[in-house]
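# Analysis of the macromolecular model
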Amino acid sequence: MAVTKPEIDDLLAKTEHNPFLLCTIASKRACDINNMIRGQHLRVTAIQDFDDITTVVSGEDTVSVAMNEIEDGTLGFDKEAFDEEIKGSNALVDHNL
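What counts as what
Residues numbered from 1 in each chain as written. Predicted model: local features only at pLDDT ≥ 70, side-chain atom pairs only at ≥ 80, totals over all residues. Heavy atoms only, no water. Salt bridge = Lys/Arg side-chain N within 4 Å of Asp/Glu carboxyl O. Helix = DSSP H or I, 4+ residues; strand = E, 2+ residues; numbered from the N terminus. Buried < 20%, exposed > 50% of the residue type's maximum accessible area, 1.4 Å probe, protein only. Axes fitted to C-alpha atoms, helices over the stretch in contact; angles between N-to-C directions. Parallel < 35°, antiparallel > 145°, perpendicular 65-115°, else oblique. Left-handed = near helix turned anticlockwise from the far one by under 90°. Contact = heavy atoms within 4.5 Å. Nonpolar A, V, L, I, M, F, W, Y, C, P; charged D, E, K, R; others polar. Core = buried A, V, L, I, M, F, W, Y, C linked by side-chain atoms within 4.5 Å. Expected span 1.5 Å × (residues − 1). Arc of directions from axis to C-beta. Polar contact = N/O pair within 3.5 Å; in protein donor to acceptor, adjacent residues only side chain to side chain.

Turning next to the pattern of salt bridges. The tally for this structure, following the rule as stated, stands at one salt bridge. The shortest N-O distance in the salt bridge between Glu69 and Arg29 comes to 2.6 Å. With a gap of 40 residues between them, Glu69 in helix H5 (residues 62-72) and Arg29 in helix H2 (residues 19-37) connect regions that are remote in the sequence. Judged by its relative accessible area of 14%, Glu69 falls in the buried class.

Moving on to H5. Considered for burial, the residues of H5 that qualify are Thr62, Val65, Ala66, Met67, Glu69 and Ile70. Positive backbone phi, at 90°, marks Gly73, one or two positions downstream of H5.

Between two packed helices, what matters for the description is the angle formed by their axes and the separation of those axes. At a minimum axis distance of 8 Å, the contact between H2 and H5 shows a crossing angle of 125°. Considering the angle they form, H2 stands oblique to H5. Relative to H5, H2 is oriented so that their crossing is right-handed. Residue-level inspection shows Leu22, Ile25, Ala26, Arg29, Ala30, Ile33, Asn34 and Ile37 of H2 in contact with H5, the latter providing Thr62, Val63, Val65, Ala66, Met67, Glu69 and Ile70. A class-by-class count of the residues in the contact of H2 with H5 yields 11 nonpolar, two polar and two charged.

To continue, consider unusual backbone geometry. Of note in this structure, Glu16 is not a glycine but carries a positive phi near 55°. Positionally, Glu16 belongs in the loop between helix H1 (8-14) and H2. Among the residues examined, Glu16 registers a relative accessible area of 42% and is labelled partly exposed.

It is worth spelling out the nonpolar core at this point. Counting residues in each nonpolar core, the largest one holds 10 residues, listed as Leu11, Leu12, Leu21, Leu22, Ile25, Ala26, Ala66, Met67, Ile70 and Leu75. Among the elements of the structure, H1, H2 and H5 are those that each provide at least two residues to this core. Broken down by element, this core gets its largest block of residues, four residues, from H2. For Ala26, the contacting residues outside a window of four places in its chain are Ala66, Met67 and Ile70.

This brings us to H2. The end-to-end C-alpha distance of H2, which contains 19 residues, comes to 27 Å, matching closely the 27 Å that a straight helix rising 1.5 Å per residue would cover. Within H2, the full set of buried residues consists of Leu21, Leu22, Ile25, Ala26, Arg29, Ala30, Ile33 and Met36. Summarising the axial view, the buried residues of H2 lie within an arc of 155°, below the 170-degree limit, and thus occupy one face. Exposed side chains of H2 directed beyond 90 degrees from the buried face belong to Phe20 and Lys28. The residue sitting at the N-terminus of H2 and contributing the capping side-chain oxygen is Asn18; that oxygen lies 3.0 Å from the backbone nitrogen of Phe20.

Dropping the structure here:
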């Protein structure tokens, strides 16, 4: 599968030109969409009145849905939380060496 639409350069611009961050955000969102589709709609309806994800996906690849959400700005990341988590992960790795 190739990412042609949205264009990879546009997606990378939304994730600080970090391909690993792009893959992480997209894969986590795709997993969430898959879980919701597989019957975990109660989790969604507890947060919002209407579960619109099944109408959005409607046979579309979940990774494509996630990529489109990144491009249009409905899916993103909190830079400060991301940076803190990376620092924490590195500190943990350093202590284990």
